[in-house]
Amino acid sequence: MHNTLELLESYLAAFSSFMWGYPLVILLVGGGLFFVISSGFTPFRFFFHAIDLVRGKYDNPDDPGDINHFEALSTALASTVGMGNISGVAVAIFMGGPGALFWMWMSAIFGMATKFFTCTLSIMYRGEDSAGKIQGGPMYVIREGLNKKWMPLAYLFAMAGLFGPLPIFQTNQLVQILRDFIYIPNGWVEADAAFTGNLLTGIALVGLVSLVIFGGITKIGKVASKLVPVMVVIYFVSVVFILIVHIGDVPYYLGLIVTDAFTGKAVMGGAVGQLIIIGIQRAAFSNEAGIGTESLAHGASKTKEPVREGLVAMMEPAIDTLIVCTMTALAILVTGVWQTTEANGVTLTLNAFNEALPTFGTYLLMISVFTFSVSSMLSYSYYGSKCLGFLLGADKQHLYNYFYVFSIVFGAVASLDAVINLIDGMFALMAVPTMISALLLSPKVRAASKDYFKRLRAGEFKEYKE
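Nothing here was measured: the structure is a model prediction, and the numbers come from that model. (Residues numbered from 1 in each chain as written. Predicted model: local features only at pLDDT ≥ 70, side-chain atom pairs only at ≥ 80, totals over all residues. Heavy atoms only, no water.)

Asker: Would you mind going over the overall build of the chain with me for this structure?
Answerer: Helix and strand counts for the chain come out as 22 helices and two strands. The proportion of buried residues among the 466 residues of the chain is 62%. Of the contacts formed within the chain by residues at least 6 apart in sequence, a portion of 84% connects residues at least 24 apart. When the accessible surface of the chain is summed, it comes to about 17,600 Å², and 66% of that surface belongs to carbon and sulfur atoms. (Helix = DSSP H or I, 4+ residues; strand = E, 2+ residues; numbered from the N terminus. Buried < 20%, exposed > 50% of the residue type's maximum accessible area, 1.4 Å probe, protein only. Contact = heavy atoms within 4.5 Å. Areas by Shrake-Rupley, 256 points an atom, 1.4 Å probe, with all protein chains shown as cover.)

Here it is as structure tokens:
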């Protein structure tokens, strides 16, 4: 089985490398820049209105959809504010040095505008599935908003969407922290026989995740809306403490992040272009702007105003990448563990916690990792089931959950590189139809925005919550 996994890993590495060439980077970053400029910076100017929307100030319980704005945001954040922030940032620094974070920032700023456009479209062009239920997502945007010649893009997204949202990265990193800091130190498994421990943990996770995901999006939204605030607070407080302990080093490393972004000294003898790709890859994995998964979550929101959902979604890259990812990166940098160890992924972040928070740092991060991982797994199952429903019919979409939960076993036993390459490659495939359709339909978003903000200024909207 090990030889089979090694062969599969080599294919996945080649696939990911091919997909993440400069054309995709130009599509994501160039597209995001186009959205920023063409919108006249509208999403940024109405950030406080977006906060009111999340608070439920304008929620009408009679609007179509399955979940409210806050639950839609929480469901999306459950998959974005998660392992991408704990492990994904560590991977970025391991591969590209401090400068990779700068390009994550740039991707996030453009990503805010991208999410505004893609999630506005997810409501504007909702369509019915084969059971007559209203649905949102890039495949419906393409089907409802563009003509039939673009339908191959809808099918491409749906097929890639069966694999991109698999919970294998979350599983891999949760298993890694349990193996390295619980199983092996306590003698439960031998270091050279870790495969068995990984496999058993994967099987246990299959049972745990199965208990929740078969409840559907309404249950997922309820669970995610409870888990997300708790996990963010625990993680946020822990990292703030680390930064306070090393407060004198923070300005230096903020400067290093910027200067290293243009020298590329940490990457292959100064390959700045490769550094940019690493930063954008990890930002795309972390905040998912332009990938299309955000549209799948927000397309289920209860609203008749598409622009509102775009504004709510716009907040995600700001929370996820500009705040949480930056804090994680600084914790890794100021503690010096990025230079003193060869650790990658969650273990690198854990080393930072242990340096500043000896003894209980491990347990604080393990609580965060467990909560982040499980909450991400809950949200992602919904994404893939919607894609299968689009391809085979709504009556078949429940079958995806069986494939989904058993993929957890692959994530548990595969290497970190294999898992990252599979997700990166599939996210790239999903980004192509998402960005192309958003660019083609961007005039519709601009027209809807102009109309919505005109009505907002005129005081036409009823407030349902003070």
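Asker: Help me out: how do you make sense of the layout of surface pockets in this one?
Answerer: Over the atoms, a rolling probe the size of a water molecule traces out where space has been left empty. In this structure, the largest pocket spans a volume of roughly 330 Å³. Forming the walls of the largest pocket are 16 residues, and the residues nearest its centre are Ser 16, Met 95, Gln 274, Gln 281 and Asn 421. Secondary structure elements with two or more residues in the lining of the largest pocket: helix H1 (2–19), helix H6 (83–96), helix H14 (272–287) and helix H21 (416–440). (1 Å grid on protein atoms, 1.4 Å probe; cavity = no way out; pocket = protein on both sides within 12 Å on 5 of 7 lines; lining within 4 Å. Points joined across faces, edges and corners; volume = space filled by probe spheres on them.)

Asker: I'm lost on helix H22 (residues 442–457) in this one. Help?
Answerer: One full turn of an α-helix is made of 3.6 residues, so residues set three or four places apart face in the same direction. The end-to-end C-alpha separation of H22 is 23 Å, in line with the 22 Å expected for 16 residues at 1.5 Å each. Where H22 is concerned, the buried positions are Ser 442, Val 445, Ser 449, Tyr 452, Phe 453, Arg 455 and Leu 456. Here the buried residues of H22 occupy an arc of 155° about the axis, which is enough to place them on one side. Turned more than 90 degrees away from the buried face of H22 sit Lys 450 and Lys 454, all of them exposed. Buried residues belonging to H22 abut helix H2 (22–38), helix H3 (42–45), helix H4 (47–54), helix H7 (99–124), helix H16 (306–334) and H21. (Expected span 1.5 Å × (residues − 1). Arc of directions from axis to C-beta.)

Asker: Help me understand the confidence of the model for the chain in this model?
Answerer: Low pLDDT marks stretches whose predicted atomic positions should not be read closely. Per-residue confidence for the chain gives a mean pLDDT of 81; residues scoring 70 or more make up 85%. Across the chain, element-level confidence peaks in helix H9 (residues 151–160) with a mean pLDDT of 95 and bottoms out in helix H5 (residues 69–80) with 61. (pLDDT = per-residue confidence, 0-100.)

Asker: Can you walk me through empty space enclosed by the protein in this structure?
Answerer: Tallying each qualifying case throughout the model produces five cavities of 30 Å³ or more. As a volume, the largest cavity reaches approximately 80 Å³. Taken together, Leu 28, Val 29, Ser 107, Phe 110, Gly 111, Thr 114, Ala 284, Asn 287 and Ala 289 make up the full set of residues lining the largest cavity. A per-element tally of the lining of the largest cavity places H7 first, with four residues. Split by residue class, the lining of the largest cavity holds five nonpolar, four polar and no charged. Of the voids in this model, the second largest cavity is the one considered here, and its volume is about 50 Å³. Surrounding the second largest cavity, Thr 118, Leu 121, Gly 137, Pro 138, Val 141, Ser 295, Thr 434, Ser 437 and Ala 438 form its lining. Going through the elements one at a time, H7, helix H8 (138–145) and H21 are the ones with two or more residues in the lining of the second largest cavity. If you tally residues by element for the lining of the second largest cavity, the top one is H21, at three residues. Across the lining of the second largest cavity, the residue classes break down as four nonpolar, five polar and no charged. (Nonpolar A, V, L, I, M, F, W, Y, C, P; charged D, E, K, R; others polar.)

Asker: How do you make sense of the pattern of salt bridges when you look at a structure like this?
Answerer: Side chains carrying opposite charge are able to pair once their charged atoms draw close together. Under the counting rule described, the total for this entry stands at five salt bridges. Between Arg 143 and Glu 144 there is a salt bridge, and its shortest N-O distance comes to 2.9 Å. What makes Arg 143 partly exposed here is its relative accessible area of 31%. What makes Glu 144 partly exposed here is its relative accessible area of 38%. For Glu 305, the salt bridge goes to Arg 455, with nearest N and O atoms at 2.9 Å. Here Arg 455 lies in helix H22 and Glu 305 lies in the loop between helix H15 (293–298) and H16, a separation of 150 residues in the sequence. Taken individually, Glu 305 and Arg 455 each receive the classification buried, so the pair is uniform in this respect. Salt bridges linked by common partners bring Glu 305, Asp 451 and Arg 455 together as one network. (Salt bridge = Lys/Arg side-chain N within 4 Å of Asp/Glu carboxyl O.)

Asker: Got a minute to help me understand the environment of Leu 357 in this structure?
Answerer: Looking at where Leu 357 falls in the secondary structure, it is placed in the loop between helix H18 (346–356) and helix H19 (361–392). With 118 residues separating them in the primary sequence, Leu 357 and Val 239 have C-alpha atoms 9.8 Å apart. Beyond its immediate stretch of four places on either side in the chain, Leu 357 contacts Ser 238, Phe 241, Ile 242 and Leu 364.

Asker: Would you take a moment to explain the environment of Ser 16 for this structure?
Answerer: The topology assignment puts Ser 16 in helix H1. When its relative accessible area of 3% is taken as the criterion, Ser 16 is described as buried. For the pair Ser 16 and Asp 424, spaced 408 residues apart in sequence, the C-alpha to C-alpha distance is 6.0 Å. Setting aside its immediate chain neighbours within four residues, Ser 16 contacts Gln 281, Asn 421, Asp 424 and Gly 425.

Asker: How should I be thinking about the packing of H2 against H7 in this particular structure?
Answerer: When two helices pack together, their arrangement is given by the angle between the helix axes and by the axis-to-axis distance. In the contact formed by H2 and H7, the axes pass within 8 Å of each other and the chain directions differ by 70°. Taken as axis vectors, H2 and H7 run roughly perpendicular relative to one another. Contacts from Val 29, Gly 32, Leu 33, Phe 35, Val 36 and Ser 38 in H2 reach Ile 109, Phe 110, Ala 113, Thr 114 and Phe 117 in H7. Class assignment for the residues of the contact of H2 with H7 results in eight nonpolar, three polar and no charged. (Axes fitted to C-alpha atoms, helices over the stretch in contact; angles between N-to-C directions. Parallel < 35°, antiparallel > 145°, perpendicular 65-115°, else oblique.)

Asker: Looking at this structure, how should I read the packing of aromatic side chains?
Answerer: Each aromatic ring pair is summarised here by two numbers: the centre-to-centre distance and the angle between the ring planes. Here the structure, examined in full by the defined rule, presents 19 aromatic pairs. Each ring, one from Phe 35 and one from Phe 117, has its centre 4.5 Å from the other, and the planes form 20°; the classification is stacked. Of this pair, Phe 35 sits in helix H2 while Phe 117 sits in helix H7, and the two are 82 residues apart along the sequence. Since its relative accessible area comes to 0%, Phe 117 is described here as buried. On the basis of an interplanar angle of 65° and a centroid distance of 5.6 Å, the ring pair of Trp 103 and Phe 262 is categorised as edge-to-face. You can see Trp 103 sitting in helix H7 and its partner Phe 262 sitting in helix H13 (residues 250–263), a full 159 residues away along the chain. Among the aromatic side chains, those forming a connected cluster through ring pairs are Phe 34, Phe 35, Phe 116 and Phe 117. (Phe/Tyr/Trp six-rings, centres within 6.5 Å; stacked < 30°, edge-to-face > 60°.)

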